[in-house]
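# Structure assessment
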Protein chains: 2
Amino acid sequence: MDKYFAKSELIPAVVQDAETNAVLMVAYMNKESLQKSLETGFTWFWSRSRNELWNKGASSGNLQKIVEIYSDCDDDTLLIKVIQQGEKVACHTGNYSCFYTKIM
Amino acid sequence: MDKYFAKSELIPAVVQDAETNAVLMVAYMNKESLQKSLETGFTWFWSRSRNELWNKGASSGNLQKIVEIYSDCDDDTLLIKVIQQGEKVACHTGNYSCFYTKIM
């Protein structure tokens with residue numbers, strides 16, 4: 001587990017819908033949030049704006065149930081495949097995915 | 001364009017296969033690499049290990065042709081949908097995707 005945080009305390013985690021394969025969001029994990037994600041089966045991140053551990057969907061009810069987690073070839077990025085609980089809303093704006101703005 | 005780099009000179013870019021929707025890799029872009037990607041239609045990144053602009057696939061021939069680019073709700077992450085040219089290999093290890101190690 002430590003190896004993922006050898007270069008940086010925070011690493012990006014790409015969250016992908018396991019059912020549609022859409023990329024929903026990118027958030028950051030520290031070691032504790034990865035541990036809590038592995039233990040609970042739901043996504044936990046580190047909020048860089050609030051400086052706190054963050055159980056995604058805890059307030060909205062739109063939790064992300066983890067199906068699979070992959071690390072990348074450099075062990076410094078994670079890919080988390082999830083099934084969205086509650087509404088199919090990953091973004092705080094109410095959108096299904098955070099990537100709703102097309103720039104090219 | 002500047003808004004994407006307001007918080008950080010380097011932002012993560014998730015590269016997704018436009019044909020299969022698989023997540024291939026995460027790399028980092030600075031302003032210049034985003035500009036070159038938009039101008040050329042192929043992916044350019046900033047290599048954090050080599051400290052240089054990096055035209056993905058320039059040496060291997062496995063270029064990534066850009067189909068679409070999306071920014072996220074915070075304007076600090078990009079999603080790039082590509083069609084892989086040459087071999088379908090995004091990872092320097094020879095794998096199709098960098099995310100080939102399952103940890104959960």
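Above this note sits the structure.
Below is a summary of the structure that appears in this document.

What counts and what doesn't
Residues numbered from 1 in each chain as written. Chains lettered and ligands numbered in written order. Predicted model: local features only at pLDDT ≥ 70, side-chain atom pairs only at ≥ 80, totals over all residues. Heavy atoms only, no water. Pairing = 2+ DSSP bridges. Helix = DSSP H or I, 4+ residues; strand = E, 2+ residues; numbered from the N terminus. Contact = heavy atoms within 4.5 Å. Axes fitted to C-alpha atoms, helices over the stretch in contact; angles between N-to-C directions. Least-squares fit on C-alpha atoms with pLDDT ≥ 70 in both. Buried < 20%, exposed > 50% of the residue type's maximum accessible area, 1.4 Å probe, protein only. Arc of directions from axis to C-beta. Buried area = accessible area lost by both parts, 1.4 Å probe. Salt bridge = Lys/Arg side-chain N within 4 Å of Asp/Glu carboxyl O. Polar contact = N/O pair within 3.5 Å; in protein donor to acceptor, adjacent residues only side chain to side chain. Nonpolar A, V, L, I, M, F, W, Y, C, P; charged D, E, K, R; others polar.

### Details of the sheet that holds strand β1 (residues 11–17) of chain A
On the basis of which strands lie adjacent, the open sheet formed by five strands has the order β2(A)-β1(A)-β6(A)-β5(A)-β7(B) and mixed pairing. Whereas interior strands pair on both sides, the edge strands pair on one side only; in this sheet they are β2 (23–29) of chain A together with β7 (101–102) of chain B. Examined bridge by bridge, β1(A) and strand β6 (residues 78–84) of chain A share five bridges and lie parallel to one another. Of the residues in β6(A), the one forming a bridge with Ala13(A) is Leu78(A). Strands β2, β5 (64–71) and β6 of chain A of the sheet are contacted by helix α1 (residues 31–40) of chain A, whose axis makes an angle of about 125° with β2(A).

### Concerning the relation of the copies chain B and chain A
Least-squares fitting of chain B to chain A yields an RMSD of 0.0 Å, with the transformation described by 0.0 Å of translation along the axis and a rotation of 180°. What the rotation and shift describe, once combined, is the action of a two-fold rotation axis. In terms of C-alpha distance to the rotation axis, chain B has Asn21(B) as its closest residue, with the C-alpha 2.9 Å off the axis.

### Here we look at helix α1 (residues 31–40) of chain B
Residues and elements named next belong to chain B. Those residues of α1 lying buried are Ser33, Leu34 and Ser37. Seen end-on, α1 carries its buried residues on one side only, within an arc spanning 100°. Where α1 is buried, its residues touch β2 (23–29), β3 (44–47), β4 (52–55), β5 (64–71) and β6 (78–84). Just past α1, the residue glycine 41 takes up positive phi, approximately 80°.

### Topic: the interface of chain B and chain A
Across the boundary between the two partners, chain B contributes 36 residues, which contact 36 residues of chain A. Here chain B meets chain A over a buried area of about 2900 Å², counting both sides, of which 68% is carbon and sulfur. Asp76(B) serves as the salt-bridge partner of Arg48(A), at 3.4 Å between the closest nitrogen and oxygen. Run the count over chain B and chain A and you get 12 residue pairs in polar contact (both at pLDDT 80 or more). Within the residue set of the side of chain B that touches chain A, elements represented by two or more residues are β1 (11–17), β2, β5, β6 and β7 of chain B. Per element, the largest residue contribution to the side of chain B that touches chain A is six residues, and it comes from β5(B). Partitioning the side of chain B that touches chain A into residue classes produces 21 nonpolar, nine polar and six charged. Of the pairings in the sheet, the one linking β5(A) to β7(B) comprises two bridges and is antiparallel in character. Among the inter-strand pairings, Ser71(A) is bridged to a residue of β7(B), identified as Thr101(B).

### What to know about the sheet that holds β5(B)
With mixed pairing, five strands are arranged side by side in an open sheet as β7(A)-β5(B)-β6(B)-β1(B)-β2(B). Among the strands making up the open sheet, the edge pair consists of β7 (101–102) of chain A together with β2 of chain B. With six bridges connecting them, β1(B) and β2(B) associate as antiparallel partners. By the bridge assignment for β2(B), Val15(B) is matched with Met25(B).

### Thoughts on the pattern of salt bridges
Residue and element names in this part refer to chain A. Within the structure shown, the criterion is met by 12 salt bridges over all chains. Its salt-bridge partner being aspartate 2, residue lysine 31 comes within 2.5 Å of it at the nearest N-O pair. Placement of the pair is lysine 31 in helix α1 and aspartate 2 in the segment before β1, with a sequence separation of 29 residues.

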